[in-house]
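The lines below spell out each chain.
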Amino acid sequence: MSNNSSATVQKSRLQYEDHKMLKGLRICGFRGLMLEPYASSFQVVCNYASTQPSAKTQKLPRLPVPKLSDTLSKYLKTVQPFLNDEEFAATSNLVKDFEGGVGQKLQALLEKRAGKHENWLEEWWLNTAYLEYRDPVVVFSSPGLVFPFRKFNSQEDQLKYAAKTLLAALDYKALIDNDKIPIEMMGKSPLDMAQYKKIFGTCRIPHEKRDKLSFNDTKYITVIHNNHIFHVDLWGSDGNRLNVDQIAQALKKVVDLSMTPSNNPIGILTSENRDAWAKAYQLLSKDKVNRASLADVESSLAVLCLDSASGLWRCADDDARRNVAAAQTIHGGGSSSNGANRWFDKTIQFIVGADGVTGLTYEHSPAEGQPIAVLTDFIIKYIEQDKAADAPSSSPKEPVRLEFNVDNEVTAMINSAKQSLDKLVADLDLNCFKYDKYGKNFIKSHKMSPDSYLQMAMQYAFYRLHKTPGAHYESAATRMYVGGRTETIRSCSVESVAFARAMLDAQASAHDRLAALRAAVAAHKDYTVQALQGFGVDRHLLGLKLTAIENGIELPKLYSDPGYVRSAHMRISTSQVACKCDGFMCYGPLVADGYATCYNPRDNDVNFATAAFAAHPATAAAHYRAALEHALRDMHDVLLHAARSKL
C-alpha cells in the first residue's frame, strides 16, 4: 500500500478516536470561548485611548516547534498523577523508546512542515478541533455568555435594548474595520489581532466530514422571532445607518409579522449532529428559494434572537435566574422554549429575551474569546451611556421574511432535531453562582496569581469529591505568534495533588498546607507561562500524531498508553472569561464524567458557571459547586491563619 493510501485508511480508522481526544484539547477551547487565562504578570492590555500601533503593522514570529526532549520530559511529569509506580515506569520506558526512535522522524517531518507554514498548527487545529468535529456545536462546542440581567417593562423596552445592542456592535465592528482597536499586549509581546476580523459576517457551513467557514461583510443582520427568520437592513437606501428608533421600529415590524411560531423551525437543524445537519442542508439547497434564504443568513453580520419569556423573574433567587439565563444562551431551553429561535452556525448570536435574559451564543471555530469578551464590555458600557439618537436615515428598508420550502423528508429531520436537542437540554446540569466572600483583590494581597489560585481550588474540590486526581484543561492563548490559537495548561500536577491531600489530611499543619498551596500555585503559574509561549505538551504531541497520520506512519504506542489516555481525559474543563461587567460565560463538560467551570474573577467576587451531565451517576453540578465553595473557604482560612501568624 502506498504512503498516501495508508494515510487515508489510518486517518479514517482513527477519526473517531482523534475527535474524542480533541474534546479534551479544544478550549471549550470550547471549546474554547473561553477567554484565555493569564498569570498575574501576563495580563492582556487593551485601552481604546492607547497610541499603540494598529493591527496593520503587525509582524509576529512563527509558532515554534518545541524540542522533542523538552516536551517529553514535561509530559512525563504531567502524567505522573494518573499512574501507579509500575505504570509510570512502563510509560517512562515507552517515552524513552519514542524519543530515541520514531519520535525523531516525526519531529523532523514536523519541523519541515513548520518551515513551510507561518503557523504549522493553524490549519490542522481549525480542521481537527472544529470543522471535522461531528457532535453538535450546541453544548459540546459553543459557549453562551450571559449579560447582566434586565427587567423589561414592555415589548418596547425589549426592542429598544436590542436596537442599542446592535448599534453598539456596529460601533465595535467599525473600530475593528478601521484598525482602531490597539494591539493587545502580553507583557512586552504584541498579540495577533487577526481573530477580531473574523467575528462579524462569519458562518459555519455544514458539510459531511468537514464543515467550511464563510466570511462576508454586509450591512444587514438576521433576526429570528418565533422561529421565523428575517433579513433586516441596518442602513437605508440613502447609505445612512439607521438610528436606535428606526432599528427598534424595524424590529417591531418583525414581531408583528411573526406573532405565531413558525410551522417550519429551520433554525433547530443547526443544533443537530453536523453530518445530520449537512444532509438536511443538502436537501434544502436543492430548492432555489431555500438556497437564497440560506445564503442570506450565512452572509449577515450577526444574528439577533428576539426570544419569548423564559421564566427569569419567576425564579426563586438569583442563582436560579443565572441557571435559566445560562441555559438560554447555551441551547435556548429546548424545542419548546427558544431552542429553534437560533442559527447556531453564526459566530455571533445576540439574545434579547422578553423577560430580560440578554447575552450571546458564540460559535467557536474562527476565534477565541478575547474579541467576544471585549465586545461584551463594549456593549454594556454603550447601553449604560444611553446616548442620544443619531440622525435618522431618510429611507429605511422594510424587513424581509426569509422563506423556506420544506418537504416531508426535511420535516422529519426537523422533528428529529427537536428530539436530539431536548435530550441535550435534559442532560445538561447547570449550577451558576456568584461567590461573594472574596475576589481577586484578596488573592493578590497574598502575592498569588488569582487564576492559578482558582485553578487549584478546582483541583482541591475535585479531589475532595472523587478522591482521585482529575485531568484538568485550561486554555492558554498563543497569540504572541502569527495565527496563534491556544495551548493546553495541564492544571493537574504532582503539586496540585499534594496540595489537595494536605488540605484533606487532618494531621497536616497550617504551615504544611500553606506550603503545599504555594507550591501548587507556583507550579501552575510556571506551566501557564510556558503554555502561553507555545511550550506546553498537547499541541506538540498532536502535531506529531497528525504528522504520523498524514505520512502513513503507524501511530506510536505512546498515544494508546494509559498515561496519555488518562491525562487527556479532561474531567475538569475550565476557562477564565474576565469581563468587567457582572456577566459570565457557560458551556458543557468535555467528557461524560466531567465538569465544566467557567469563571469571571472580579475585585471582590467571582462569577462561576459550572456544569455536569445529569446522565452520569458520578457527577452532579450541585455537589461540585459545594466542594468548590468549601475549597475556597478552606484556602481563605489557610491564608488568613498565615497572615495572623506573622503578626
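The rules behind these values
- The numbers attached to residues start from 1 for each chain and follow its sequence in the written order.
- Thresholds applied to this predicted model are a pLDDT of at least 70 for local features of residues and 80 or more for the giving and counting of side-chain atom pairs; totals over whole chains, interfaces and linings are not thresholded and use all residues.
- To obtain the side-chain values, all non-hydrogen atoms of the structure were used and water was disregarded.
- Helix numbers and strand numbers start at the N terminus; a helix is a DSSP run of H or I with at least 4 residues, a strand a run of E with at least 2.
- We take the radius of gyration over the C-alpha atoms and set the globule estimate at 2.2 Å times the residue count to the 0.38 power.
- A simple rule labels every residue: compare its accessible area, found with a 1.4 Å probe on the protein chains alone, to the largest value its type can have, and call it buried under 20%, exposed over 50%, or partly exposed in between.
- Per-residue and other accessible areas follow the Shrake-Rupley method at a 1.4 Å probe size, with only the shown protein chains counted as cover for residues.
- The sign given to each residue is positive for Lys and Arg and negative for Asp and Glu; His and the chain ends receive no count.
- All charge positions are set by atom: Lys at NZ, Arg at CZ, Asp at CG, Glu at CD.
- Between any two strands, pairing holds if DSSP finds at least two bridges.
- Nonpolar core, defined: a set of buried Ala, Val, Leu, Ile, Met, Phe, Trp, Tyr and Cys residues in which side-chain atoms within 4.5 Å join the residues together.
- Should any heavy atoms of two residues lie within 4.5 Å, those residues are considered in contact.
- Axes here mean lines fitted to C-alpha atoms, for a helix over just the part in contact, with angles spanning 0 to 180 degrees between N-to-C directions.

**Some points on the overall build of the chain**
Each helix and strand in the chain was counted, giving 19 helices and 19 strands. A compact globule built from 647 residues would reach a C-alpha radius of gyration of about 26 Å, and the chain, at 25 Å, matches this within 12%. Counting the 647 residues in the chain, one finds 61% classified as buried. Accessible surface computed for the chain: about 24700 Å², of which carbon and sulfur atoms make up 50%. One way to put it: in the chain the 76 positive side-chain charges average out to a point 3 Å from where the 72 negative ones average out.

**Digging into the sheet that holds strand β2 (residues 144–146)**
Overall, mixed pairing links the 8 strands, which are arranged β12-β8-β7-β9-β10-β11-β2-β17 in an open sheet. The open sheet terminates on both sides in strands that have one partner only, identified here as β12 (400–401) and β17 (584–586). Strand direction decides the pairing type here: strand β7 (residues 220–225) and strand β8 (residues 228–233), joined by 6 bridges, are antiparallel. Within β8, the residue paired with T222 across the bridge is H231.

**Describing the nonpolar core**
Core analysis: the largest hydrophobic core is formed by 108 residues, its most contacted members being Y172, V223, L269, L304, L306, W343 and F350. If we ignore the near neighbours within four places in the chain, the residues touching L269 are W277, A280, L284, V410, M413, I414 and A417. Within the second largest apolar cluster, 48 residues are counted, among which are F442, M456, A461 and L639.

**Examining the sheet that holds strand β18 (residues 595–601)**
In spatial order, the strands read β13-β19-β18-β16-β14-β15; together these 6 strands make up an open sheet with mixed pairing. Bordering the open sheet on either side are β13 (428–435) and β15 (486–490), each of which pairs with just one other strand. Averaged over all pairs of adjacent strands, the angle between their axes in this sheet comes to 20 degrees, without regard to strand direction. Taken together, the 3 bridges between strand β14 (residues 472–477) and strand β16 (residues 572–576) define a ladder with parallel strand orientation. Its bridge partner lying in β16, H472 is registered against I572. Together, β14 and β15 form the strand contacts of helix α17 (residues 538–550), whose direction differs from that of β15 by roughly 120 degrees.

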